[in-house]
Amino acid sequence: MSLDLRNYELLWPAALFASEGERVLRASTSAWEGRATWLMTEALAGTTAVADFEEVPSQTSVTQRDPWTSETFDNGQKTGPDRRDWFSELVSRATEIRSAAVPRPYWPQRHGSGLSHDGTTPRDSRRDFARIVTELADRGYLAEVFGEECVDDPNELPDASEVIDRRLGIPNLWPLSPASWDEETFYGLIEVFHDLVSRPRKREWHNWNSCGWHHSEFHNGPARVLYRWKVNQLLRGAGIEYKLAAEGEDLGRLVAVTDDARSQLVHRALEDGPPDVAAGVRHAIALFRGRDTSADSKRSAIFNLGRILEERRGLIKESLGRDEGALFEIANRFDLRHRRADQRGEYDEAFLDWIFWWYLATVELTNRLIASRGPASP
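Note that the coordinates shown come from a computational prediction; the quantities given were computed from them, not determined experimentally.

The rules behind these values
Residues numbered from 1 in each chain as written. Predicted model: local features only at pLDDT ≥ 70, side-chain atom pairs only at ≥ 80, totals over all residues. Heavy atoms only, no water. Helix = DSSP H or I, 4+ residues; strand = E, 2+ residues; numbered from the N terminus. Polar contact = N/O pair within 3.5 Å; in protein donor to acceptor, adjacent residues only side chain to side chain. Expected span 1.5 Å × (residues − 1). Buried < 20%, exposed > 50% of the residue type's maximum accessible area, 1.4 Å probe, protein only. Contact = heavy atoms within 4.5 Å. Core = buried A, V, L, I, M, F, W, Y, C linked by side-chain atoms within 4.5 Å. Axes fitted to C-alpha atoms, helices over the stretch in contact; angles between N-to-C directions. Parallel < 35°, antiparallel > 145°, perpendicular 65-115°, else oblique. Left-handed = near helix turned anticlockwise from the far one by under 90°. Nonpolar A, V, L, I, M, F, W, Y, C, P; charged D, E, K, R; others polar. Salt bridge = Lys/Arg side-chain N within 4 Å of Asp/Glu carboxyl O. pLDDT = per-residue confidence, 0-100.

**Description of the side chain of Asp-82**
Structurally, Asp-82 is set in the loop between strand S4 (77–80) and helix H4 (83–92). Among the polar contacts listed, one links the side chain of Asp-82 to the backbone nitrogen of Arg-84, at a separation of 3.1 Å.

Here it is in structure tokens:
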């Protein structure tokens, strides 16, 4: 069996679609088909994939299945693959499905002023963010915290504005009104909704009085992955040099954007270090890259890393020989760690950036040196 993927477009990261699809395939009940349809409705543009899926025979329509060829038989006659085979191949080939592209500019954007009818620019990041949240809400991603209306449920729903107010300390932010937000409110809402979203893996249609879809089986993990992906795309396209952190102590908080090499360094330092230094490394990275970082917080970040390196001084000396002292000389002579009166304190903040990345790279190097010695090493 080989699917023609040319008519499908992914609205999600391929890895997220694959992981959620594999979870659907592990379901042993007949309900898996409804979950698969819901996943494709969310993750793929349009209805083409769902229509193709529904055209494939369901496994329940056959009497026998060949476990070696994934083909089905009815009264001894081969009838072809079933829906589970079809969906399994779609999920396994997720990386081959092209990503949905933003449409090329139309005539008004190419020949006009670049402004919409209400005077805003097409790349109004606040408006685009509100659209992301509204679309997620329509798909049930806020139903776990905001509740969901039902004609059979007389209970009053939680006040969404109060839910946000309790976290952000700003009232009357729901329904969303992006034109009224200042920068602090906008960035605060980005972080708040990261913590509120939760993906419903199941939905059921309530027909009585046209009540509509009801969502259940919520999980915040995939929802937050999807949310970060969407919001970070928006911020990057708008030229905003922050992104939502995907790991570390500041998970889901806006942090300064770095190049790919330094992002990979952060990832390795967070994921590969021994447990005894993990908390210190996480805290140092959070201090350094936060949106509200300052020169003092950067010094504190360097101090945390310096303390880890001081504890590993013997390992560094063993690996580098007598040159090990050079690693600490600059930090000791400048106003970074010990804060003595004879230390130099007036220097450009770029110096702090340089020292931080140098120290973080050295921590990561010592992590690898420790790992290479094996579990029995001191």
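**Some points on helix H2 (residues 32–43)**
Taking 1.5 Å of rise per residue, the twelve residues of H2 would be expected to cover 16 Å, and the 16 Å separating its terminal C-alpha atoms lies within 8% of that figure. Residues of H2 that are buried include every one of Trp-32, Glu-33, Arg-35, Ala-36, Thr-37, Trp-38, Leu-39, Met-40, Glu-42 and Ala-43, and no others. At its buried positions, H2 is contacted by strand S1 (9–10), helix H1 (14–25), helix H3 (48–55), H4, strand S6 (199–206) and strand S7 (212–219).

**Concerning the nonpolar core**
In terms of nonpolar packing, the biggest core is built from 57 residues, with Phe-17, Phe-87, Leu-90, Phe-129, Ile-190 and Phe-193 touching the most fellow members. Elements represented by at least two residues in this core include exactly H1, H2, H3, H4, helix H6 (125–138), helix H8 (160–168), helix H9 (183–196) and helix H10 (220–237). Top contributing element to this core by residue count: H9, with seven residues. When near neighbours in sequence (up to four residues on either side) are disregarded, Phe-17 contacts Leu-10, Trp-12, Leu-39, Ala-43, Leu-44, Leu-90, Val-91, Ala-94 and Ile-97. Residues Ala-269, Ile-285, Leu-352 and Leu-360 belong to the second largest nonpolar core, which totals 24 residues.

**What to know about the packing of H6 against H9**
Running from N to C, H6 and H9 cross one another at 25°; their axes reach a closest spacing of 11 Å. The orientation of H6 relative to H9 falls into the category roughly parallel. When the axes of H6 and H9 are compared, the crossing they make is left-handed. Across the interface between the two elements, Ser-125, Arg-126, Phe-129 and Val-133 from H6 touch Glu-183, Phe-186, Leu-189, Ile-190 and Phe-193 from H9. Of the residues assigned to the contact of H6 with H9, the class counts are six nonpolar, one polar and two charged.

**Examining the pattern of salt bridges**
The tally for this structure, following the rule as stated, stands at 20 salt bridges. Linking Arg-131 and Asp-128 is a salt bridge whose minimum nitrogen-to-oxygen distance equals 2.8 Å. You can see Arg-131 and its partner Asp-128 sitting in helix H6, three residues apart, about one turn around the helix. In this structure Arg-131 comes out as partly exposed when scored by relative accessible area, which is 40%. Relative accessible area serves as the criterion here: at 9%, Asp-128 is assigned to the buried category. The shortest N-O distance in the salt bridge between Asp-353 and Lys-298 comes to 2.8 Å. With Asp-353 in helix H16 (residues 350–372) and Lys-298 in helix H13 (residues 295–311), this pair connects stretches of sequence that are 55 residues apart. A relative accessible area of 8% places Lys-298 in the buried class. Connected through shared salt-bridge partners, Glu-20, Glu-42, Arg-199 and Arg-201 make up one network.

**Let's talk about the confidence of the model for the protein chain**
With 83% of its residues at a pLDDT of at least 70, the protein chain reaches an overall mean of 86. Per-element averaging of pLDDT across the protein chain places strand S2 (residues 64–66) at the bottom with 51 and helix H7 (residues 143–146) at the top with 98. Predicted confidence is poor over residues 116–122, with pLDDT under 50, and the contacts of this stretch with residues over four places away or in other chains come to eleven contacts.

**Describing unusual backbone geometry**
What you tend to see is this: most non-glycine residues have negative phi, and most peptide bonds are trans. The step from Trp-174 to Pro-175 runs through a cis peptide bond, and the omega angle for that step is 0°. Mapping Pro-175 onto the fold places it in the loop between H8 and H9. Residue Asn-172 is not a glycine yet carries a positive backbone phi of 60°. Along the chain, Asn-172 falls in the loop between H8 and H9. For Asn-172, a relative accessible area of 68% translates into the label exposed.

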